[in-house]
Amino acid sequence: MLEGFKIYLETEEKENVKTMISKLPKGHQKLLRGYKFTFTPGNTLKGDKENIGYIHKDKIVVAAPWNYGREFVTLHEIAHLVYEYKMTPKLKKEWSAVLKATKKEMPKHSALNQNDEEIFCMTYATFYAKHKPETYSNETRFAFIKKIPE
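As a starting point, this report considers the structure included with it. Note that this is a predicted model, so its numbers are computed, not measured.

### Quick look at the side chain of Thr-102
Line of reasoning, step 1. With respect to the helices and strands, the residue Thr-102 is situated in helix α4 (residues 89–102).
Line of reasoning, step 2. In this structure Thr-102 comes out as buried when scored by relative accessible area, which is 2%.
Line of reasoning, step 3. Separated by 2.9 Å, the side chain of Thr-102 and the backbone oxygen of Val-98 make a polar contact.
Line of reasoning, step 4. Contacts of Thr-102, omitting those with residues within four sequence positions, involve Asn-138, Thr-140 and Arg-141.

### Topic: α4
Line of reasoning, step 1. Counted at 1.5 Å a residue, the expected span for α4 with its 14 residues is 20 Å, and the 20 Å between its end C-alpha atoms agrees.
Line of reasoning, step 2. Buried residues of α4: Leu-91, Trp-95, Val-98, Leu-99 and Thr-102, and no others. For α4, the arc enclosing every buried residue in end-on projection is 100 degrees, short of the 170-degree limit, so these residues lie on one face. Opposite its buried face, α4 presents the exposed residues Pro-89, Lys-90, Lys-93 and Lys-100, each directed more than 90 degrees away.
Line of reasoning, step 3. Turning to α4, the residues buried within the fold contact α3 (70–86), α5 (116–128) and α6 (139–146).

### A closer look at the packing of aromatic side chains
Line of reasoning, step 1. Counted under the stated rule, the structure contains nine aromatic pairs.
Line of reasoning, step 2. When the centroid spacing of 5.2 Å and the interplanar angle of 55 degrees are considered together, the rings of Tyr-83 and Phe-120 count as tilted. Highlighted residues: Tyr-83 in helix α3 and Phe-120 in helix α5, separated in sequence by 37 residues.
Line of reasoning, step 3. Taking the relative accessible area as the measure of exposure, Phe-120 reaches 0% and is therefore buried.
Line of reasoning, step 4. When the ring of Trp-95 is compared with that of Phe-144, the centres are 5.1 Å apart and the planes differ by 45 degrees; the resulting orientation is tilted.

### Some details on α6
Line of reasoning, step 1. Restricting attention to buried positions, one finds in α6 the residues Arg-141, Phe-142, Phe-144 and Ile-145. Across the axial projection of α6, the buried residues extend over an arc of 155 degrees, all falling on one side. Residues of α6 that are exposed and angled more than 90 degrees away from the buried face: Glu-139 and Lys-146.
Line of reasoning, step 2. Here the buried face of α6 lies against α4 and α5.
Line of reasoning, step 3. At the N-terminal end of α6, a side-chain oxygen is found 2.9 Å from the backbone nitrogen of Thr-140, two or three residues along, and the residue is Asn-138.

### With respect to the environment of Thr-38
Line of reasoning, step 1. In this fold, Thr-38 is placed in strand β1 (residues 36–39).
Line of reasoning, step 2. Accessibility expressed as a relative area gives 33% for Thr-38, which makes it partly exposed.
Line of reasoning, step 3. Thr-38 has contacts with Ile-60, Val-61 and Val-62, leaving out every residue within four places of it along the chain.

### Examining the packing of α4 against α6
Line of reasoning, step 1. Look at α4 against α6: their axes get within 10 Å of each other, and the N-to-C directions meet at 170 degrees. In terms of axis orientation, α4 runs roughly antiparallel to α6. On the side of α4, the interface is formed by Leu-91, Glu-94, Trp-95, Val-98, Leu-99 and Thr-102, while α6 contributes Thr-140, Arg-141 and Phe-144.
Line of reasoning, step 2. For the contact of α4 with α6, a count of residues per class yields five nonpolar, two polar and two charged.

So, how was this worked out
- Residues numbered from 1 in each chain as written.
- Predicted model: local features only at pLDDT ≥ 70, side-chain atom pairs only at ≥ 80, totals over all residues.
- Heavy atoms only, no water.
- Helix = DSSP H or I, 4+ residues; strand = E, 2+ residues; numbered from the N terminus.
- Buried < 20%, exposed > 50% of the residue type's maximum accessible area, 1.4 Å probe, protein only.
- Polar contact = N/O pair within 3.5 Å; in protein donor to acceptor, adjacent residues only side chain to side chain.
- Contact = heavy atoms within 4.5 Å.
- Expected span 1.5 Å × (residues − 1).
- Arc of directions from axis to C-beta.
- Phe/Tyr/Trp six-rings, centres within 6.5 Å; stacked < 30°, edge-to-face > 60°.
- Axes fitted to C-alpha atoms, helices over the stretch in contact; angles between N-to-C directions.
- Parallel < 35°, antiparallel > 145°, perpendicular 65-115°, else oblique.
- Nonpolar A, V, L, I, M, F, W, Y, C, P; charged D, E, K, R; others polar.

Take a look at the structure:
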């Protein structure tokens with residue numbers, strides 16, 4: 001009985017990931033080929049009280065944080081791949097300018113002290129998430145996300 005429930009959860013999880021990925025641009029989807037998704041319990045990753053997700057080799061590992069949905073954290077981790085493989089030096093420079101121009105609009109409690117890549121990942125995740133956290137919602141930054149090449 002318990003084994004059947006585990007299979008159900010794993011099947012549902014795979015379907016949810018598949019649906020989420022299908023909403024991304026085709027070129028961003030291709031970046032995920034060969035990656036396995038692992039979802040772990042707990043607010044943070046086991047043995048790492050500072051982080052809620054990571055990408056390493058062929059794995060994307062995501063915890064179950066209190067303040068963010070798993071979809072959001074998974075999209076954030078995917079955004080690191082997009083930043084690395086789709087953002088040219090010119091686009092990164094443009095992103096920095098967008099951030100500088102819109103930083104005053106970010107709530108005080110947001111991660112303003114994070115680097116450009118981390119804020120990019122938070123914005124990317126917000127743009128594609130079904131349930132968007134307001135902290136990183138911004139039309140100017142969203143317009144930038146839309147123009148990232150496939």
